[in-house]
Amino acid sequence: MISLPRTTFLRSKDINNSTTATTTTSSSSGEARKAFITCSLNFKKFFFKREVKGMEHTSAKDMVDEKTAVGGGVQDVYGEDSATEDQLVTPWTVSVASGYSLLRDPHFNKGLAFSERERDAHYLRGLLPPTEISQQLQEKKTMHNIRQYQVPLQKYIAMMDLQERNERLFYKILIDNVEELLPIVYTPTVGEACQKYGSIFKHPQGLYISLKEKGRILEVLRNWPERTIQVIVVTDGERILGLGDLGCQGMGIPVGKLALYTALGGVRPSACLPITIDVGTNSEQMLKDEFYIGLRQKRATGQEYDELLDEFMSAVKQNYGEKVLIQFEDFANHNAFKLLSKYSTSHLVFNDDIQGTASVVLAGVVAALKLVGGTLAEHTFLFLGAGEAGTGIAELIALEMSKQTKVPLEETRKKIWLVDSKGLIVRSRNSSLQEFKKPWAHEHEPLGDLLSAVKAIKPTVLIGSSGVGKQFTKEVIEAMASFNEKPLIMALSNPTTQSECTAEEAYTWTKGRTIFASGSPFDPVEYEGKTFVPGQANNAYIFPGFGLGLVMSGAIRVHDDMLLSASEALAGQVTQENYENGMIYPPFSNIRKISAHIAANVAAKAYDLGLASRLPRPENLVKYAESCMYSPAYRSYR
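Since this is a predicted model, take the numbers as computed values, not measurements. (Residues numbered from 1 in each chain as written. Predicted model: local features only at pLDDT ≥ 70, side-chain atom pairs only at ≥ 80, totals over all residues. Heavy atoms only, no water.)

(A) Seen up close, the sheet that holds strand 6 (residues 231-235). Taken in spatial order, the five strands of this open sheet run 5-7-6-8-9, and their pairing is parallel. On the outer flanks of this sheet lie strand 5 (207-210) and strand 9 (348-351), each paired with one strand and no other. Each neighbouring strand pair of the sheet contributes to a mean axis angle of 25°, computed without reference to strand direction. When strand 6 meets strand 8 (residues 325-328), the two strands line up parallel, connected through four bridges. Across the sheet, Val 231 pairs through a bridge with Leu 325, a residue of strand 8. Running at roughly 70° to strand 9, helix 17 (residues 352-372) makes contact with strand 8 and strand 9 of the sheet. (Pairing = 2+ DSSP bridges. Helix = DSSP H or I, 4+ residues; strand = E, 2+ residues; numbered from the N terminus. Axes fitted to C-alpha atoms, helices over the stretch in contact; angles between N-to-C directions. Contact = heavy atoms within 4.5 Å.)

So this is what it looks like as structure tokens:
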């Protein structure tokens, strides 16, 4: 049984105001003030358990999550994280909350699942209908209601409303129905949600840090009610999926990513913080939309942008400590590479578009080798798209080749070719190439289009990350099939409308011989009496487990070898049965088990590299990862 104290606490700035008010009042009634303080101190001793600066206190959150403190929220045994918490120093700021407030707190609300005893103990009698039902029945009813909606965006809104009403039920439903709901809470539906975010906005689900807050970002971070944050997902909204600059309305991406951190990776929700950096938008559509919720100005760039990001990164480290993971999400290419390079030596940072995508694609390629044959180094790769995703994937594949063959990285890169909007990236274009493209400029005659590149390079693996749909034409796919018995084709651009080709097109145009994977989900395809199940190279396979591995090991930096370890762990979860169905990724129904293995591999590499701070190292990292995962099952309150 978990004790649920009916208490609320004020932050330090509120405490100062309260102290002033109390002192003023007490000047005319010293004895009353003395008696009140004595009473409050006794009240405090009854509820407070955890020692801080010589005083004992426990917040409601701490008490409810007591049994799962390691659950995606590994206990901070060294005390670094709690060192920045506002300390509670004035006992008379404690106030008793009513049962009505409890029903409106999503962290603790159980709705009709409150027992008779709990309804009496926590002032809920009469605030609920008399029926008492289980969490399982609540889940059944909620899923029945969600399935009544025909429009995916309606299902998305229903899920977000549930998250704001009953957090544990939201995660229970998402975990138990992950394959059905993943396309709803994340790609592709989240793309439409971001486009219409101003119209559907109801609750501030994260922190919005705009240019108006410049010089005050630390103060803004302290407005967030949770003090112990372990994972931050942040975007500036400039390149949301394949939809472009959505500005402040990109908040749907951090919210969705962190929901998956909890559901798939087990990081406890109170340790997750979604943030949008609002520096304006260059989208005329957004600026003219009367419901747009962000700054109505063109994007800030240059020094103004850099100073805001510098202040943000410093404030995060000051407020949450060295070990908070900051995941950059959907930044435009020119900022994404710069930010990752700039802060990777001073912060625990990760870019999912560059590193997460690379890791999940490498896992699919490694798994596919069992179907197409040969070693990684024996294959030739051609990419359509040379942005964050394309160059990130290419670099990780080259790193894995170098690791396997002991050949220098500069040599393994020569097995990988990239096509951008101007054609094949070759040495003669060097003077006009951006820095991150230059490692992929090889000696070859210039070629202006993808089909020409396919015919000249004769790749065994074709990967699309351009963000532009319908680029893998029938001619391109048939060319791949003409010199490969089993061509590996990966159409990775999101959402579904931006995919380079559909699963049906890939299977049909190769006469069922292709090994296919996409970024957004496609239904199984029947071709000449055989059913093909397309793989989905979804980053959700990697980043939740990757983040859990960093958190549970107390890692202080991200290393490329950790990404390789995550890929190896994911590829190792593909079973023989999966291969027989042509699948190169395991089913999402096993995602928590998959995440535990990825977390274990990542944590092991962190310990091997001397980057882990949580000692001693657990003997069985897989079991430890499973024990660290947040459970959405209801708690019983005393």
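(B) Examining the confidence of the model for the protein more closely. This prediction gives the protein a mean pLDDT of 86; 85% of its residues lie at or above 70. pLDDT under 50 marks residues 5-29. Its contacts with residues more than four places away, or in other chains, come to 44 contacts. Ignoring residues within four places in sequence, the model shows residues 32-96, a span with pLDDT below 50, making 139 contacts including any to other chains. (pLDDT = per-residue confidence, 0-100.)

(C) Here's a closer look at the sheet that holds strand 14 (residues 488-491). Taken in spatial order, the seven strands line up as 12-11-10-13-14-15-18 in an open sheet, and their pairing is mixed. Unpaired on one side and paired on the other, strand 12 (423-424) and strand 18 (535-536) mark the two borders of the sheet. As paired strands, strand 10 (residues 381-384) and strand 13 (residues 461-464) are joined by four bridges and run parallel to one another. Opposite Leu 384, over in strand 13, you have Gly 464 as the bridge partner. Across the sheet, helix 17 is in contact with strand 10, strand 13, strand 14 and strand 15 (515-518); its angle to strand 14 comes to roughly 155°.

(D) Summary view of the packing of aromatic side chains. Taken as a whole and judged by the stated rule, the model has 13 aromatic pairs. Here the aromatic rings of Phe 114 and Tyr 637 are separated by 6.3 Å at their centres, their planes lie at 45°, and the arrangement is tilted. Within this pair, whereas Phe 114 is found in the loop between helix 4 (99-103) and helix 5 (116-121), its partner Tyr 637 is found in the segment after helix 27 (621-627), the two being separated by 523 residues in sequence. Residue Phe 114 shares its accessibility class with Tyr 637, and that shared class is buried. Residues Phe 328 and Phe 331 carry aromatic rings whose centres are separated by 5.6 Å and whose planes lie at 85° to one another, so their mutual orientation is edge-to-face. Summarising the burial analysis for this pair, Phe 328 and Phe 331 share the class buried. (Phe/Tyr/Trp six-rings, centres within 6.5 Å; stacked < 30°, edge-to-face > 60°. Buried < 20%, exposed > 50% of the residue type's maximum accessible area, 1.4 Å probe, protein only.)

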